[in-house]
2 protein chains.
Amino acid sequence: MTSANLDAVLAQVDAGLDGSLERLKALLRIKSISTDPAFAQECQRAADWIVGELNGLGFDAAARPTPGHPVVVAHGPDVAGPHVLFYAHYDVQPVDPLNLWHTDPFEPVLKDDAQGRKIIVARGASDDKGQMMTFIEACRAWQAVTGSLPVKVSLMLEGEEESGGKNLPPFMEANKAELAAADIALVCDTDMWDRQTPSITTMLRGLVADEVEITCANKDLHSGMFGNAARNPNQVLAEIIASLRAPDGSVTLPGFYDDVAEISPELKAQWEGLGFDEKAFLGEAGLSLKAGEANRSVLEMLWSRPTCEINGMIGGYTGDGFKTVIPAKASAKISFRLVSGMDPAKIRAAFRRHVEERIPADCSVKFTPHGGSPAITVPADGKYLQQALTALSGEWNKPAVITGSGGSIPVAGDFKKILGLDTLLIGFAHVDDAIHSPNEKYDLESFHRGIRAWVRVLAGFAAGK
Amino acid sequence: MTSANLDAVLAQVDAGLDGSLERLKALLRIKSISTDPAFAQECQRAADWIVGELNGLGFDAAARPTPGHPVVVAHGPDVAGPHVLFYAHYDVQPVDPLNLWHTDPFEPVLKDDAQGRKIIVARGASDDKGQMMTFIEACRAWQAVTGSLPVKVSLMLEGEEESGGKNLPPFMEANKAELAAADIALVCDTDMWDRQTPSITTMLRGLVADEVEITCANKDLHSGMFGNAARNPNQVLAEIIASLRAPDGSVTLPGFYDDVAEISPELKAQWEGLGFDEKAFLGEAGLSLKAGEANRSVLEMLWSRPTCEINGMIGGYTGDGFKTVIPAKASAKISFRLVSGMDPAKIRAAFRRHVEERIPADCSVKFTPHGGSPAITVPADGKYLQQALTALSGEWNKPAVITGSGGSIPVAGDFKKILGLDTLLIGFAHVDDAIHSPNEKYDLESFHRGIRAWVRVLAGFAAGK
């Protein structure tokens, strides 16, 4: 492969953009809402449509059944060199509240936004059909110009990412030998750092989610008849929650930070260079004071520090008015975000021990686990990461940055755990894309440059630089 | 009035018991469920039925309209000496779940219970039609024997006690001059201490109820994207709740105990003599350890110590499964039970100050008051109390006891606040009467001796001893 080839493929992307857009629109018209059983046929139709496209590009593609919606698996022509496994999802979120959409969510519209930027408006335009199609259209351009692909490409496209995704890990287990043949996983479901700066996410926090239910009395009690003598589980729960944080904002579980390493000075310097605006970040949420650990920057806390959050709590009477009850039970949903090195099982055990030690002897506690996954870190000196960064920098003519993410993308953990693959998270979405919300959009520039970026990434992998 | 009179009236009660029972049954057949608009006519019918009975006994009685169900007000013949105002309520709780009733809730049945005691089974048998009728039948016996009553008697019978009772205080305000002419209020809506021991409740705790809503961010946030940097109102609320109790179980609000007096050594000795079984009391609720203040007995905590209870709390996602959200808001319903001397307004202010001091500067708090009433204490050396104790002791041939109650009976507060009257709470119900539950019953002995007890109480008031 020559750089003449690369230029030709990029030119092909530009020339074929209208066709790429038409195909994206065709996919967006399919109502593949995975969480609603009424749209199961539409999910199948989306999978079949993609299979048709991929087979047309020389892939060996099929919509493989699962207990839920199908997983599309496709393998491109055998090519020497690295083998990539691309992941995206073809299902979308529901469209409620429908009355807040300005146009039909399943009739994509190309229009100018308030800043004069071209955008494509539809459910799934950004999350994740638009992002998925950047990769497929990049493959199409390579095929059109060279009759093949620069590297061996496989795809695994999920239909249940928006509805729990519980069938994917068993599917990966069942097809482990086939899927683990790849060298690196690519996921296109993330944002750029900003409109001018491409980025690759290399640190994803892990998650331990647990539900705690505390039972004191054997029935709800009258707070007049029992108040001050009978144990109130709301009070017990509140005291436990309060005990999870020290006055300096750190999490108090014994050993919580034992396996947490400080980030490297190089990464720290790079993050400081990002010019992250803490005030603006918090301000967008209506806040002005950072919470959490004292003496840690917001970015550091979000990307490289573990946390404990009370995602939900309930106990007693919570309807209108007032009821003087001492409830029998109170419960909370509590999650821990983990960073590299932390063991989810160890954290869950430390948490449960901490709670159990604080349950009065005549009360009881029940735990319900809600999943756990370790943090993911892609080695900063990995060759695929470096090659992808170079490719992205070339497209935007600006150094691509390495970012962390406070969130957890379970599929990245599964790539590592089940298939032994590192994952590069490369995406072209923007924070204002309104994913999961009415009037979801994708910038036409995200779509166009996203295709071009994948063309370059594949070229970079092929060239080994 | 002579003691020969008293004996004759008691004999009349015994002789007329069958007729008294028939009248109670007639009232129990009226479906006066106040909370359900479908039964509004039945409530009116119950009021009218009572008015008919009272007018037949020489009272000047009427069912007076309110914005809800009527209040029955009746005045007996003018008699020199003390003037009593009797309160009870003619409305009843709904009967759901109907399938758990062994007989029709509105077709009263006289039967033997498992211990061979005669009971009357019907909705309202105990709460409060049976108790109400003890007083009316006592008046009937006096009328039958003496052609009058031993003291001036007025009655105020409510039809909305089981549905909030919000129309009664304005009614009392509007008819203040008429009702405040009485010297003492009598309420028949409480239990005996046990089957052998009559009791009068002289201490009722007051109540301050407040709702707290804490707002941090301007919208729900993703706990991955914001966790550890954005303030979590669940955490803020839990820390505030935890801060309300000291390790020794006392309430931490500044000044909370300033106006709380220790009970007199005499009362303390009497309570200790009651043989209250803490273990059995807690055990019935499935508990074995007392909560609350260290070094205080359960009875002391329930009757003579203030408390703070978290009646409800909610924040974030509380449905099935898990959602990694940092909610914008969290709220709690918190109440304080007050004892004599404590000012509800002062406690509410201290509570709000305590909360406000713990709200981070970029978060806010909103309070919604849900009522406040001071504690009620009837002076232990009051003459009506002493006369009533003597009367009850005579009927049961065992010293009547003075008890407190952890609960709040708002009408007693209103008698004091609006009419300036102390209240004697005298009732003949038992804890196993299943009030508000299926198969509600009243012991025939409660009904019979209750009538006889009121005959004696009125005689005692008339005699001034």
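The rules behind these values
Residues numbered from 1 in each chain as written. Chains lettered and ligands numbered in written order. Predicted model: local features only at pLDDT ≥ 70, side-chain atom pairs only at ≥ 80, totals over all residues. Heavy atoms only, no water. Axes fitted to C-alpha atoms, helices over the stretch in contact; angles between N-to-C directions. Helix = DSSP H or I, 4+ residues; strand = E, 2+ residues; numbered from the N terminus. Parallel < 35°, antiparallel > 145°, perpendicular 65-115°, else oblique. Left-handed = near helix turned anticlockwise from the far one by under 90°. Contact = heavy atoms within 4.5 Å. Nonpolar A, V, L, I, M, F, W, Y, C, P; charged D, E, K, R; others polar. Phe/Tyr/Trp six-rings, centres within 6.5 Å; stacked < 30°, edge-to-face > 60°. Buried < 20%, exposed > 50% of the residue type's maximum accessible area, 1.4 Å probe, protein only. Buried area = accessible area lost by both parts, 1.4 Å probe. Salt bridge = Lys/Arg side-chain N within 4 Å of Asp/Glu carboxyl O. Polar contact = N/O pair within 3.5 Å; in protein donor to acceptor, adjacent residues only side chain to side chain. Pairing = 2+ DSSP bridges. Core = buried A, V, L, I, M, F, W, Y, C linked by side-chain atoms within 4.5 Å. Least-squares fit on C-alpha atoms with pLDDT ≥ 70 in both. Expected span 1.5 Å × (residues − 1).

Caption draft 1: Broad picture of the packing of helix H2 (residues 17–28) of chain B against helix H4 (residues 129–146) of chain B. Residue and element names in this part refer to chain B. In contact at an axis separation of 10 Å, H2 and H4 are set at 140° when each is read in the N-to-C sense. It follows from the interaxial angle that H2 and H4 lie oblique. Note that H2 runs across H4; the crossing there is right-handed. In contact with Ser 20, Arg 23, Leu 24, Leu 27 and Leu 28 of H2, H4 contributes Lys 129, Gly 130, Met 132, Met 133, Glu 137 and Arg 140. For the contact of H2 with H4, the residue count by class is 5 nonpolar, 2 polar and 4 charged.

Caption draft 2: The arrangement of the packing of aromatic side chains in detail. For the coordinates displayed, the defined rule picks out 32 aromatic pairs over all chains. Between Phe226(A) and Phe281(B), the ring centres sit 4.6 Å apart and the planes meet at 20°, which makes this aromatic pair stacked. Of the two residues, Phe226(A) sits in helix H7 (residues 223–226) while Phe281(B) sits in helix H10 (residues 278–284), which places them in two different chains. Overall, Phe281(B) belongs to the buried group, its relative accessible area being 18%. Their ring planes at 90° and their centres at 5.1 Å tell us that Phe256(B) and Tyr257(B) sit as a pair that is edge-to-face. Look at Phe256(B) and you get buried, because its relative accessible area is 1%. Relative accessible area serves as the criterion here: at 22%, Tyr257(B) is assigned to the partly exposed category.

Caption draft 3: Structural context of the side chain of Ser304(B). All names here are of chain B. Among the structural elements, Ser 304 can be located in helix H11 (residues 298–304). Take Ser 304: its relative accessible area is 5%, and that puts it in the buried class. If we ignore the near neighbours within four places in the chain, the residues touching Ser 304 are Met 203, Val 260, Ile 263, Trp 271, Leu 299 and Val 339.

Caption draft 4: Just the interface of chain B and chain A, in detail. Listed as interface residues are 76 residues of chain B and, on the opposing side, 76 residues of chain A. Taking both sides of the interface into account, the surface hidden between chain B and chain A amounts to around 5,900 Å²; carbon and sulfur atoms contribute 56%. Inspection of the chain B/chain A interface yields 2 salt bridges. Here Lys219(A) ties to Glu284(B) by a salt bridge, and the two come within 3.4 Å at their closest N and O atoms. Summed over the shared surface of chain B and chain A, the number is 47 residue pairs in polar contact (both at pLDDT 80 or more). Looking at the side of chain B that touches chain A element by element, the count peaks at 9 residues for strand E11 (residues 307–316) of chain B. Here strand E11 (residues 307–316) of chain A runs beside E11(B); their pairing, made up of 5 bridges, is antiparallel. Counterpart to Gly315(A) in the pairing with E11(B) is Met313(B).

Caption draft 5: The sheet that holds strand E13 (residues 329–338) of chain B, seen in detail. A sheet is described by the order of its strands in space; here 8 strands give the open sequence E14(A)-E9(A)-E13(A)-E11(A)-E11(B)-E13(B)-E9(B)-E14(B), paired in antiparallel fashion. Of all strands in the sheet, those with a lone pairing partner are strand E14 (364–373) of chain A together with strand E14 (364–373) of chain B, marking the two edges. Across the sheet, the mean angle separating the axes of adjacent strands is 20° when strand polarity is ignored. Taken strand by strand, helix H8 (residues 233–243) of chain A contacts strand E9 (206–215), E11 and strand E13 (329–338) of chain A together with E11 of chain B, and its axis lies near 15° from that of E13(A). Here helix H12 (residues 344–356) of chain B sits on the sheet in contact with strand E9 (206–215), E13 and E14 of chain B, set at roughly 160° to E14(B).

Caption draft 6: A look at the pattern of salt bridges. Counted according to the given criterion, the structure contains 70 salt bridges over all chains. For the salt bridge of Glu262(A) with Arg305(A), the shortest nitrogen-to-oxygen distance reads 3.6 Å. A residue pair is termed long-range when its members are at least 10 positions apart, and Glu262(A) in the loop between H8 and helix H9 (265–273) and Arg305(A) in the loop between helix H11 (298–304) and E11 qualify at 43 residues. A salt bridge links Glu213(B) to Lys329(B), with the nearest nitrogen and oxygen atoms 3.9 Å apart. Here Glu213(B) is found in strand E9, whereas its partner Lys329(B) is found in strand E13, with 116 residues between them in sequence. On the accessibility criterion, Lys329(B) (41% relative accessible area) is partly exposed.

Caption draft 7: Structural detail: the side chain of Ser199(B). Residue and element names in this part refer to chain B. Tracing the chain through its elements places Ser 199 in strand E8 (residues 199–204). A residue is classified by how much of its surface remains accessible, and Ser 199, at 3% relative accessible area, is buried. Separated by 3.4 Å, the side chain of Ser 199 and the backbone oxygen of Asp 191 make a polar contact. Side-chain polar atoms of Ser 199 contact the backbone nitrogen of Trp 193, separated by 3.1 Å.

Caption draft 8: Quick peek at unusual backbone geometry. Residues and elements named next belong to chain B. In this structure, the amide linkage connecting Asp 96 to the following residue, Pro 97, adopts the cis form with an omega of -5°. Inspection of the secondary structure assignment puts Pro 97 in the loop between strand E3 (83–89) and strand E4 (109–112). The amide bond that connects Asp 127 to the next residue, Asp 128, takes the cis arrangement and shows omega of 10°. Of note, the phi angle at Asn 397 is positive, near 55°, even though the residue is not glycine. What makes Asn 397 exposed here is its relative accessible area of 72%.

Caption draft 9: Examining the nonpolar core more closely. Counting 247 residues, the largest nonpolar core has Phe336(A), Leu424(A), Phe336(B) and Leu424(B) as its most contacted members. Residue contacts for Leu424(A): discarding those within four places in its chain leaves Ile184(A), Ala185(A), Leu186(A), Val187(A), Ile200(A), Val378(A), Tyr384(A), Leu385(A), Ala388(A) and Phe461(A).

Caption draft 10: Region of interest: the sheet that holds E4(B). Residues and elements named next belong to chain B. An order of E4-E5-E18 is seen for the 3 strands of this open sheet, with the pairing classed as antiparallel. Single-partner strands in this sheet number two, and they are E4 and strand E18 (441–443). Taking each pair of neighbouring strands and ignoring which way they run, the sheet shows an average axis angle of 30°. Here 3 bridges tie strand E5 (residues 118–121) to E18, and the two strands are oriented antiparallel to one another. Its bridge partner lying in E18, Ile 120 is registered against Tyr 442.

Caption draft 11: Spatial organisation of the relation of the copies chain B and chain A. Overlay of chain B on chain A (RMSD 0.5 Å): rotation 180°, translation along the axis 0.4 Å. With respect to symmetry, the two chain copies, as superposed, fit the operation of a two-fold axis. Interface overlap between copies: 100% of the residues of chain B at the interface are likewise at the interface in chain A, consistent with a symmetric, same-surface contact.

Caption draft 12: Layout of the packing of H2(B) against helix H3 (residues 40–56) of chain B. Residue and element names in this part refer to chain B. The geometry of H2 relative to H3 is characterised by a closest axis approach of 10 Å and an angle of 155° between their N-to-C directions. Accordingly, the angle class assigned to the pair H2 and H3 is roughly antiparallel. Listed contacts from H3 to Arg 23, Ala 26 and Leu 27 of H2 are Ala 46, Trp 49, Ile 50 and Glu 53. Class assignment for the residues of the contact of H2 with H3 results in 5 nonpolar, no polar and 2 charged.

Caption draft 13: Region of the structure containing helix H3 (residues 40–56) of chain A. Residue and element names in this part refer to chain A. Between its first and last C-alpha atoms H3 spans 25 Å; for 17 residues at 1.5 Å apiece the expected length is 24 Å, and the two agree. Along H3, the residues that are buried comprise Glu 42, Cys 43, Ala 46, Ala 47, Ile 50, Val 51, Glu 53 and Leu 54. The inward-facing, buried residues of H3 contact helix H2 (17–28), strand E1 (60–64), strand E2 (71–75), helix H4 (129–146) and strand E6 (152–158). Just beyond H3, the residue with positive phi is Gly 58, at close to 90°.

Caption draft 14: Quick peek at helix H13 (residues 383–396) of chain B. Across its 14 residues, H13(B) extends 20 Å between first and last C-alpha, which sits within 8% of the 20 Å expected from 1.5 Å per residue. Just beyond H13(B), the residue with positive phi is Asn397(B), at close to 55°.

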